[in-house]
Amino acid sequence: MEVLGILAVVAVVIAALAISLHLKAMRRAAFRAFALQHGLEYAEGDPFGLLGWPFDLFHRGDGRGIDHVLWGTWRDTKLQAFDYWYYTENTDSQGHRSRSYRRFSGVVIEVPAAFPHLTMAREGLFTRLADHLGMEDIEFESPEFNRRYNVKAGERRFAYELIDGRMLEWLVGFDQGLAFEVMGNRVLAYGPRVK
């Protein structure tokens, strides 16, 4: 009976591994097909060293990586699009380690300007907790926007200039679960992993 239990566990692990490899191969094929169809380049890894860029997103967690990078010109805009993941390690009271993964899709574009650092993330439990600990976000004239987004900027004036009335209206109406980060001449948009 014990042998059957061990064989069942081994079979489940092998099946999970096979499914995982199959899903990864399908995602890789989908990225390649999308790149070919839209005149973009594709790499399974990160040929640009994107993790070295100073965006806050790329410094989260205990480990991180970028996969499936597309680049080129899309609708007259040069970009790099990618899958990004990070994990946090946890240890329980008995010393067992586990990892919790977060996965995103993102895109970086370059703009002909030099901006101070600004982050505009989805409002959540941790951002509300940070606000209560004195790391308050910048408030805008739209209560709906303030409920959805947490904005932080080194220069508050820049935040108010960038996120004007039209931008507020667009962001509230758009609401695709995206977060944004602006730094120097680069703009990063990211959100839940897309198909």
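Keep in mind that this is a model prediction, so the values were computed, not measured.

A. Geometry of the overall build of the chain. Within the chain one finds 5 helices and 6 strands. Taking 195 residues into account, the globule formula puts the C-alpha radius of gyration at 16 Å, and the chain, at 20 Å, lies well above it. When the 195 residues of the chain are sorted by exposure, 33% land in the buried category. Restricting the contact set of the chain to residue pairs at least 6 apart, pairs at least 24 apart contribute 58%. Only carbon and sulfur atoms are counted for the fraction: they give 58% of the accessible area of the chain, which is about 12,600 Å².

B. Main features of a nonpolar patch on the surface. There is a patch of nonpolar side chains on the surface, built from Ile6, Val10 and Ile14 and spanning about 280 Å² of accessible area. Relative to the elements of secondary structure, Ile6 occurs in helix H1 (residues 2–38).

C. Broad picture of the pattern of salt bridges. Evaluation of the coordinates by the stated rule reveals 8 salt bridges. With a shortest N-O distance of 3.9 Å, Glu110 and Arg186 are connected by a salt bridge. Of this pair, Glu110 sits in strand S4 (residues 97–122) while Arg186 sits in strand S6 (residues 179–192), placing them 76 residues apart in sequence. Since its relative accessible area comes to 23%, Arg186 is described here as partly exposed. Here Glu144 and Arg147 are joined by a salt bridge, their closest N and O atoms 2.6 Å apart. Separated by 3 residues within a single helix, Glu144 and Arg147 lie in helix H3 (residues 143–148), roughly one turn from each other. Shared partners join several salt bridges into a network, and the residues in it are Arg27, Asp83 and Arg193.

D. The arrangement of the side chain of Glu181 in detail. Tracing the chain through its elements places Glu181 in strand S6. At 2.5 Å, the side chain of Glu181 and the backbone nitrogen of Asp56 are in polar contact.

E. Highlighting the packing of aromatic side chains. Under the defined criterion, the tally for this structure stands at 17 aromatic pairs. Linked through ring pairs, Phe55, Phe58, Phe82, Tyr84, Tyr86, Phe104 and Tyr190 together constitute an aromatic cluster. In this arrangement the basic side chain of Arg99 is found over the ring face of Tyr87, its NZ or CZ atom lying 4.0 Å from the centre. The cationic tip of Arg122 hangs over the ring face of Tyr149; the distance from NZ or CZ to the ring centre is 4.9 Å.

F. Up close: the confidence of the model for the chain. Here the chain averages 86 in pLDDT, while 92% of its residues score no lower than 70. At the low end of the mean pLDDT range in the chain sits helix H2 (residues 125–132), at 52; at the high end sits strand S1 (residues 41–43), at 95.

G. Representation of unusual backbone geometry. Unusually for a residue other than glycine, His68 sits at a positive phi of about 50°. Looking at the secondary structure, you find His68 in strand S2 (residues 63–74). Taking the relative accessible area as the measure of exposure, His68 reaches 9% and is therefore buried.

H. The arrangement of the environment of Ser142 in detail. As for its placement among the helices and strands, Ser142 is situated in the loop between H2 and H3. With 42 residues separating them along the chain, Ser142 and Gly184 place their C-alpha atoms 27 Å apart. For Ser142, the residues in contact, after removing those within four places along its chain, are Leu168 and Val172. Side-chain polar atoms of Ser142 contact the backbone nitrogen of Phe145, separated by 3.1 Å.

Calculation criteria
- Residues numbered from 1 in each chain as written.
- Predicted model: local features only at pLDDT ≥ 70, side-chain atom pairs only at ≥ 80, totals over all residues.
- Heavy atoms only, no water.
- Helix = DSSP H or I, 4+ residues; strand = E, 2+ residues; numbered from the N terminus.
- Rg over C-alpha atoms; globule rule 2.2 N^0.38 Å.
- Buried < 20%, exposed > 50% of the residue type's maximum accessible area, 1.4 Å probe, protein only.
- Contact = heavy atoms within 4.5 Å.
- Areas by Shrake-Rupley, 256 points an atom, 1.4 Å probe, with all protein chains shown as cover.
- Patch = residues over 30% accessible without salt bridge, like charges linked within 9 Å, V, L, I, M, F, W, Y side chains within 5 Å.
- Salt bridge = Lys/Arg side-chain N within 4 Å of Asp/Glu carboxyl O.
- Polar contact = N/O pair within 3.5 Å; in protein donor to acceptor, adjacent residues only side chain to side chain.
- Phe/Tyr/Trp six-rings, centres within 6.5 Å; stacked < 30°, edge-to-face > 60°.
- Lys NZ or Arg CZ within 6 Å of the ring centre and 35° of its normal.
- pLDDT = per-residue confidence, 0-100.

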